[in-house]
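# Summary of the model geometry
Below, each chain spelled out in residue letters.
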Amino acid sequence: MDVVKKIYNSTVVVTMRLNDKINGISVAWITRVSINPKLIVISIGKERFSYLLLKSSSFFGVNILSKFQKDLAIHFGSVSGRDYDKFEGIDYELSKNGIPILKGIVGYIECEIVRIYDAGDHSIFVGKIIDEKLYNNVEPLLYGEHKILEGF
Ligand SMILES: Cc1cc2nc3c(=O)[nH]c(=O)nc-3n(C[C@H](O)[C@H](O)[C@H](O)COP(=O)(O)O)c2cc1C
């Protein structure tokens, strides 16, 4: 049995900007790793378009999805920004660093990329939190059992 599926996470959309290109990717492999300084990590597959963008970027945004935003998780997690503008028809604003912030999310965290570690077929991006805002104090969308979970 694939026991790692018992590790449950929040589902987020990680957003980024490189020059004029903005993109977002659904991410479940995210966690906090340090209190002081405040650090989080995201794990991004090396095949993803987002990996190429993040490798050359200084910042990323973490959009914590609410339990009502399953459609957004599927949208940002099923097509690639390589050949598609995922923000077309999506409500968002830009942070002062030009990173997209989605509407209706639980909260937004902006990070400066301070380290990148190789991790097999993924890379781990360590982000130092430089800004955070709570928008809606509702339950986040959870991921576990290899799927987005309903009814939490
Ligand atoms: C709920 C969900 C969680 C995901 N979590 C991750 C993740 O943690 N890391 C990752 O590299 N891809 C993850 N993916 C897959 C990417 O979101 C997906 O391949 C996406 O289309 C890549 O887009 P891009 O090519 O524009 O970067 C997840 C997909 C879904 C639907």
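Residues numbered from 1 in each chain as written. Predicted model: local features only at pLDDT ≥ 70, side-chain atom pairs only at ≥ 80, totals over all residues. Heavy atoms only, no water.

Using the following cut-off: UniProt positions are given in the numbering used here, feature names are shortened, and annotations may be inferred rather than shown by experiment.
Per an unreviewed UniProt entry, the recorded name for the protein chain is Flavin oxidoreductase, and the organism is Thermosipho affectus. The Sequence similarities (unreviewed entry) comment attached to the protein chain in UniProt states, word for word, "Belongs to the non-flavoprotein flavin reductase family."

### A look at the overall build of the protein chain
Under the convention used in this document: Every helix listed is a DSSP run of H or I at least four residues long, and every strand listed is a run of E at least two residues long, numbered separately from the N terminus. For the radius of gyration, the atoms used are the C-alpha atoms, and the globule rule reads 2.2 Å times the number of residues raised to 0.38. Burial classes: relative accessible area under 20% of the type maximum marks a residue as buried, over 50% as exposed, and values in between as partly exposed (1.4 Å probe, protein chains only). Whether two residues are in contact is decided by their heavy atoms, any of which lying within 4.5 Å being enough. The Shrake-Rupley method, run with a 1.4 Å probe sphere, supplies the accessible areas, and residue values consider only the shown protein chains as cover. Charge assignment: positive for Lys and Arg, negative for Asp and Glu; neither His nor the chain ends contribute. Charged side chains are reduced to one point each, which is NZ for Lys, CZ for Arg, CG for Asp and CD for Glu.
A count of helices and strands for the protein chain gives two helices and 12 strands. Starting at the N terminus and walking to the C terminus, you meet the elements of the protein chain as β-β-β-β-β-α-β-α-β-β-β-β-β-β. For 152 residues, the compact-globule estimate of 2.2 N^0.38 gives 15 Å, and the protein chain sits close to it at 14 Å. Taking the principal axes of the C-alpha coordinates as reference, the protein chain spans close to 40 × 35 × 35 Å. Put simply, the protein chain has 152 residues, and 45% of those count as buried. The long-range share in the protein chain, meaning contacts at least 24 apart out of those at least 6 apart in sequence, stands at 64%. With an accessible surface of roughly 8,600 Å², the protein chain has 51% of that area assigned to carbon and sulfur atoms. Positive and negative charge centroids in the protein chain, built from 19 and 18 side chains respectively, lie 4 Å apart.

### Thoughts on the packing of aromatic side chains
Filter applied, for reference: Think of it this way: a Phe, Tyr or Trp ring, Trp meaning its six-membered ring, pairs with another when their centres are within 6.5 Å, and the plane angle makes it stacked under 30 degrees, edge-to-face over 60, tilted otherwise.
Scanning all chains against the criterion turns up three aromatic pairs. Between Tyr51 and Phe125 the ring centres are 6.3 Å apart and the planes differ by 75°, which places this aromatic pair in the edge-to-face class. Here the residue Tyr51 occupies a position in helix 1 (residues 49-55), and Phe125 occupies one in strand 10 (residues 122-134), the gap between them amounting to 74 residues. Overall, Tyr51 belongs to the buried group, its relative accessible area being 12%.

### Things to note about the sheet that holds strand 1 (residues 9-10)
Either a parallel or an antiparallel arrangement is found when strands of a sheet pair, and the pairing is made through backbone hydrogen bonds. Short version of the rule: What makes two strands pair is DSSP finding at least two bridges between them.
With antiparallel pairing, the three strands of this open sheet are ordered in space as 1-11-12. In this open sheet, the two edge strands, each paired with only one partner strand, are strand 1 and strand 12 (147-148).

### So, the site of the ligand
We apply this condition: Residues are labelled near a given molecule or strand when at least one of their non-hydrogen atoms is within 4 Å of it. Any pair of N or O atoms that falls within 3.5 Å is considered a polar contact. Within protein, one atom must be able to donate a hydrogen and the other to accept it, and sequence-neighbouring residues count only if both atoms are side-chain atoms.
Neighbouring residues of the ligand: 24 residues in total, closest Gly45, Ser50, Val79, Ser80 and Gly81. In this structure, an oxygen atom belonging to the ligand sits 3.0 Å away from a side-chain N or O atom of Arg48. Residue Gly81 places a main-chain N or O atom 2.7 Å away from an oxygen atom belonging to the ligand. Coverage of the ligand by the protein chains reaches 86% of its 660 Å² of free accessible surface. Elements represented by at least two residues in the shell around the ligand include exactly strand 3 (21-27), strand 5 (39-45), helix 1 and helix 2 (70-78).

### A word on the nonpolar core
Applied cut-off: The definition of a nonpolar core used throughout is a set of buried Ala, Val, Leu, Ile, Met, Phe, Trp, Tyr and Cys residues joined through side-chain atoms within 4.5 Å.
Judged by nonpolar contacts, the single largest core of 20 residues is most densely connected at Val14, Val27, Ile42, Ile44, Leu54, Phe60 and Phe125. Where this core is concerned, the elements lending two or more residues are strand 2 (12-18), strand 3, strand 5, helix 1, strand 6 (59-64), strand 9 (107-119) and strand 10. Among the elements that make up this core, the one with the highest residue count is helix 1 (four residues). With near-sequence residues (within four places) excluded, Phe125 lies in contact with Ile40, Val41, Ile42, Ile44, Tyr51, Leu54, Lys55, Phe60, Ile113, Arg115 and Ile116. Residues Ile22, Leu65, Phe87 and Leu102 belong to the second largest nonpolar core, which totals 15 residues.

### Considerations on the sheet that holds strand 2
Put simply, the rule is: Between N-to-C directions, angles cover 0 to 180 degrees, with each direction set by a line fitted to C-alpha atoms, over the stretch in contact for helices.
Pairing within the open sheet is antiparallel, and its seven strands lie in the order 3-2-6-9-10-5-4. What marks the edges here is a single partner per strand, and that holds for strand 3 and strand 4 (30-34). Each strand axis lies, on average, 35° off the axis of its neighbour in the sheet, ignoring direction. Pairing analysis gives seven bridges linking strand 5 to strand 10, with the strands arranged antiparallel. Bridge assignment links Ile44 to a residue of strand 10, and that residue is Ser123.

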